[in-house]
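These are the residues of each chain, in order.
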Amino acid sequence: MVQNNEASMVESGNNSNDGRTNEEINDLNKWLPITASRKAKWWYSAFHNVTAIVGAGVLGLPCAVSQLGWIPGIGMIIISWSVTLYSFWQLVNLHEHVPGKRFDRYPELGKHVFGLKRGYWMVMPQQIIVQVACDIVYMVTGGKSLRESVKMMFHWGRKINQTYYIMFFGVLQLILSQAPNFNSLKVVSFTAAVMSLSYSTIASVASIIKGIEHPKAVNYGLRSHTTAGIIFDIFNSLGTIAFAFAGHSVALEIQATIPSTPERPSKSPMWRGVVVAYAIVAFCYLSVAASGFWAFGNLVADDVLVTLEHPNWLISLANFMVFLHVLGSYQVFAMPVFDTIESFLVKKRHFTPGRPLRLIARSIYVVLTMFVGICIPFFGGLLGFFGGLAFSSTSFFLPCMMWLVSQKPKKWSFHWIASWISIIIGVSITILAPIGGARTIIISAKNYTLFSHSEE
């Protein structure tokens, strides 16, 4: 029987119940943010996943295409969309593939598939890296987008350092971070999903108009002109595209908020929401990537809204929508981190569950991500570096490895072949992308002074 609060599966990072009774574990599960509320509908899955997937990464896709070229660039986006949709399907079905149990958190599934210690340490660090990296990038994106929005509409906005915009974004996150559980973010997440669709549409339409109004010769050649530059750009573009498909790191946690019974398992409404989300993802990614590169060629910036300067009011509005979107995206990725931190503090350090613990622990996390975002505000490099370092693992090949180990598909069957293709693609991105991203960060850092006006 699938229960709403499964005592046997509550552990986020421990190999035992630490002497706690099932009743105590059940009470803790009702307090932890991932499992506290299981009343989500299928459309919650849709906008949570849109918020998680269509984030800052979509704005870097035209630049990624300029680094790869027309056909390889668009082709890589389509391949990544297909591979990650398949691996998402695997995660949705693995969530409760054991009768009577729900794997509410990514590390729980890892422990079941690969063993308690090995599985936990294979999965947990990678998931945490993805979620923390997303929050750092969203700190930078939130501050940068708000700055662009303000300075386009108000002359005085140009005089304010980007650092202060990031700090303002961080203050708002300090407030939002006190939401008790995942389901309490539904309004924030829905707003963020609407904003992502809106600013992607604006970026696409504005790029098309720009291209039509200025039919000058646009260079569609590769961005770099040296062999080394081209190679490193290709590496970075792979990470940028991988970053754009980061939603898998919160997939099981989102599904954990959906009620489940033997008659109506959670995988049905969850998958319905994923399909809707991925349809929106396809529209946003392909339209922004193609229109941005078509309009500006290899001169497009790593954030296409920076390249789009007119009309001022429209681009300012789009940047403000990005700001609103990443307010929600930050929380969607932060909530599993809060769950892990609070579970550790209560189980291992024996803190008392309650509001004071949440206020202090979550505030420290927000402040730390804000500080790192202020120190390393290099949007394009961060996308490529983090996208390859961990995002390709949790989204591209880790679900496939879990599927092969737990389901043992017949050799040369569809799922066996599809899983291995996904693994090969994902591992390649993991090896190559951080190299290009690190180079981009190093180049950007040469012209950057800490707490300066911007990163340019």
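Above this text sits the structure in question.
I will try to describe carefully the structure that is included in this document. Owing to the predicted nature of the structure, the values given are computational and were not obtained by experimental measurement.

1. A closer look at the pattern of salt bridges
- Under the definition given, this model contains seven salt bridges.
- Between Glu148 and Lys151 there is a salt bridge, with its nearest N and O atoms 3.3 Å apart. Here Glu148 pairs with Lys151, and both are found in helix H6 (residues 116–153), just three residues apart, close to one helical turn.
- Note that Glu342 and Arg362 form a salt bridge whose closest N and O atoms lie 2.6 Å from each other. Note that Glu342 is positioned in helix H13 (residues 312–347) and Arg362 in helix H14 (residues 355–375), a separation of 20 residues in sequence.
- Given the relative accessible area of 1%, Glu342 is considered buried.
- What makes Arg362 buried here is its relative accessible area of 1%.
- Each of Arg105, Glu108 and Asp339 takes part in one network of salt bridges that share partners.

2. Things to note about unusual backbone geometry
- In the Ramachandran plot, Lys408 falls in the positive-phi region, its phi being about 50° despite a non-glycine side chain.
- Inspection of the secondary structure assignment puts Lys408 in the loop between helix H15 (379–407) and helix H16 (414–445).
- Positive phi outside glycine occurs at Trp412, with the angle close to 70°.
- By secondary structure assignment, the location of Trp412 is in the loop between H15 and H16.
- For Trp412, a relative accessible area of 59% puts it in the exposed group.

3. Examining a nonpolar patch on the surface
- Nonpolar side chains collect at one region of the surface, where Trp70, Ile71, Ile208, Ile212, Tyr220 and Trp294 lie side by side and expose about 600 Å² of accessible area between them.
- Elements supplying a minimum of two residues to the nonpolar patch: helix H4 (70–94) and helix H8 (186–213).
- Looking at the element boundaries, Ile212 is found in helix H8.
- Accessibility expressed as a relative area gives 59% for Ile212, which makes it exposed.

Basis of the calculations
Residues numbered from 1 in each chain as written. Predicted model: local features only at pLDDT ≥ 70, side-chain atom pairs only at ≥ 80, totals over all residues. Heavy atoms only, no water. Salt bridge = Lys/Arg side-chain N within 4 Å of Asp/Glu carboxyl O. Helix = DSSP H or I, 4+ residues; strand = E, 2+ residues; numbered from the N terminus. Buried < 20%, exposed > 50% of the residue type's maximum accessible area, 1.4 Å probe, protein only. Patch = residues over 30% accessible without salt bridge, like charges linked within 9 Å, V, L, I, M, F, W, Y side chains within 5 Å. Areas by Shrake-Rupley, 256 points an atom, 1.4 Å probe, with all protein chains shown as cover.

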